[in-house]
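Here are the chains, one letter per residue:
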Amino acid sequence: MKSNFSRFIVLLILSVSCISFVQAQTNGKNSPYTDGEVLTYEGKFSKLLLRGISVADLSFQVGKASDGKNFLVKADAKSKGTLLSLFRFSFVQNIESTIDSEKFTALKTVKRDEQGERIRNSEANFDYTEKKVTYVETDSKDAARPPRRIASDIVDETHDLISGIYSLRNMPLAVGKNFVLNISDSGLVYQIPVRVTAKETQNTVVGKVSCFRVEPEVFGKGRMIESKGNMVIWISDDNRRLPVRSQLNTNLGRIEVRLKKIEVKK
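Here we come to the pairing of strand β9 (residues 178-185). The element β9 is extensively covered by neighbouring structure, given that six of its eight residues are classed as buried. By the bridge criterion, eight bridges tie β9 to strand β10 (residues 188-204) in an arrangement that is antiparallel. In the strand pairing of β10, F179 is matched with V194. Once β9 ends, the chain turns through two residues before running back antiparallel as β10, passing S186 with a positive phi of about 55 degrees.

Once that is clear, we can look at the environment of T204. Within the element layout of this structure, T204 appears in strand β10. A polar side-chain atom of T204 sits 3.1 Å from the main-chain amide nitrogen of V206. Within the structure, T204 has its side chain in polar contact with the backbone oxygen of G207 (distance 2.7 Å).

This brings us to the pattern of salt bridges. In the structure shown here, the tally under the stated rule is 19 salt bridges. A salt bridge links R148 to E137, with the shortest nitrogen-to-oxygen separation between them at 3.9 Å. You can see R148 sitting in strand β8 (residues 148-153) and its partner E137 sitting in strand β7 (residues 132-139), a full 11 residues away along the chain. Classification of R148 by relative accessible area gives partly exposed; the value is 36%.

As for its position among the elements, Q202 is in strand β10. One polar contact links Q202 to R245, side chain to side chain, over a distance of 2.9 Å.

The nonpolar side chains of a soluble globular protein tend to be buried with one another. Counting 48 residues, the largest nonpolar core has L173, F179 and I192 as the members making the most contacts within it. Ranked by the residues each element gives to this core, the list is headed by strand β2 (residues 50-64), at six residues. The next biggest cluster of nonpolar side chains, apart from the first, holds seven residues, and it includes A106, A124, V133 and I154.

Another point: unusual backbone geometry. For residues other than glycine, phi is negative in most cases, and the peptide bonds are mostly trans. Here the phi dihedral of K131 falls at roughly 60 degrees; this positive angle occurs in a residue that is not glycine. Within the secondary structure, K131 is located in the loop between β6 (118-127) and β7. Backbone geometry places S186, a non-glycine residue, at a positive phi of 55 degrees. Residue S186 is classed as partly exposed on the basis of its relative accessible area, which comes to 23%.

A few words on a nonpolar patch on the surface. A cluster of nonpolar side chains, V205, V206 and I262, forms an exposed patch at the surface whose accessible area comes to about 210 Å². For V205, the location among the structural elements is in the loop between β10 and β11 (207-216).

Attention now moves to the packing of aromatic side chains. The description of an aromatic ring pair rests on the distance of the ring centres and on the angle between the ring planes. Tallied over the entire structure, the rule returns one aromatic pair. Between Y41 and F60, the ring centres sit 5.8 Å apart and the planes meet at 85 degrees, which makes this aromatic pair edge-to-face. Here the residue Y41 occupies a position in strand β1 (residues 37-47), and F60 occupies one in strand β2, the gap between them amounting to 19 residues. Across the pair, exposure class does not vary: Y41 and F60 are buried alike. A cation over an aromatic ring shows up here: R245 above the ring of W234, its NZ or CZ 4.1 Å from the ring centre.

Turning our attention to the confidence of the model for the chain. Across the chain, the average pLDDT comes to 81, with 82% of residues at 70 or higher. Per-element mean pLDDT across the chain ranges from 50 in helix α1 (residues 2-13) up to 96 in β8. Within the model, the stretch residues 14-29 combines pLDDT values under 50 with 60 contacts to residues more than four positions away or in other chains.

One can find V257 in strand β14 (residues 253-264). A relative accessible area of 4% means that V257 is categorised as buried. Between the C-alpha atom of V257 and that of P243, which follows or precedes it by 14 residues, the distance is 9.9 Å.

Conventions used here
Residues numbered from 1 in each chain as written. Predicted model: local features only at pLDDT ≥ 70, side-chain atom pairs only at ≥ 80, totals over all residues. Heavy atoms only, no water. Buried < 20%, exposed > 50% of the residue type's maximum accessible area, 1.4 Å probe, protein only. Helix = DSSP H or I, 4+ residues; strand = E, 2+ residues; numbered from the N terminus. Pairing = 2+ DSSP bridges. Polar contact = N/O pair within 3.5 Å; in protein donor to acceptor, adjacent residues only side chain to side chain. Salt bridge = Lys/Arg side-chain N within 4 Å of Asp/Glu carboxyl O. Core = buried A, V, L, I, M, F, W, Y, C linked by side-chain atoms within 4.5 Å. Patch = residues over 30% accessible without salt bridge, like charges linked within 9 Å, V, L, I, M, F, W, Y side chains within 5 Å. Areas by Shrake-Rupley, 256 points an atom, 1.4 Å probe, with all protein chains shown as cover. Phe/Tyr/Trp six-rings, centres within 6.5 Å; stacked < 30°, edge-to-face > 60°. Lys NZ or Arg CZ within 6 Å of the ring centre and 35° of its normal. pLDDT = per-residue confidence, 0-100. Contact = heavy atoms within 4.5 Å.

In structure tokens form, the structure reads like this:
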């Protein structure tokens, strides 16, 4: 159960990233990247008598890459004490995503994934000339374990989980629109159908906000999670295009994240 639960938690932490830029025209109003912007979220778990138990803190921070040209987005997720006390499970995940400043596509993803005693370090490099993403994962606890290597074909508009979050914020969403997404995770590439199904008002940290209700199909055979379930994401219908809430309904229970804080660090 622990491996499945960690997979759902990590996916929820990055659930807003399951909608990606897919050959769509941007609205041209704002860049989705504000240097120094930090979005902080809280993840909660509910099942039967367990109602809204806080299990994780998560944040996304935008900065400049070392080349001074492209963007670097850092995503951090850490389990809270409740998760450890109830399920005897903890995790920390740190992701650094280098993103093309003109096309908003993924260039490199560096990840450190700690789940209990297990630690995995990985790097994915996106080569749009060769149309390949190459993924290498190592186990820092087992030096004798050979690196895990995966190479997959990609198209020109390909994102990792992080770059998809920010590209979404520059997309022209509208009720009734359908998209097919190309998202790479751990060296594999998934085509994910997405529907914009409604506009709904949400109570958020910035007040009552009109939001698009977006439903990516990440559950099912051949998808990111090969089990039954569904996901809903709420994106603010304004120039900010903030991912304010996300919800996963799974066989383990309901997992939900909400935006808790917005700040810009100088």
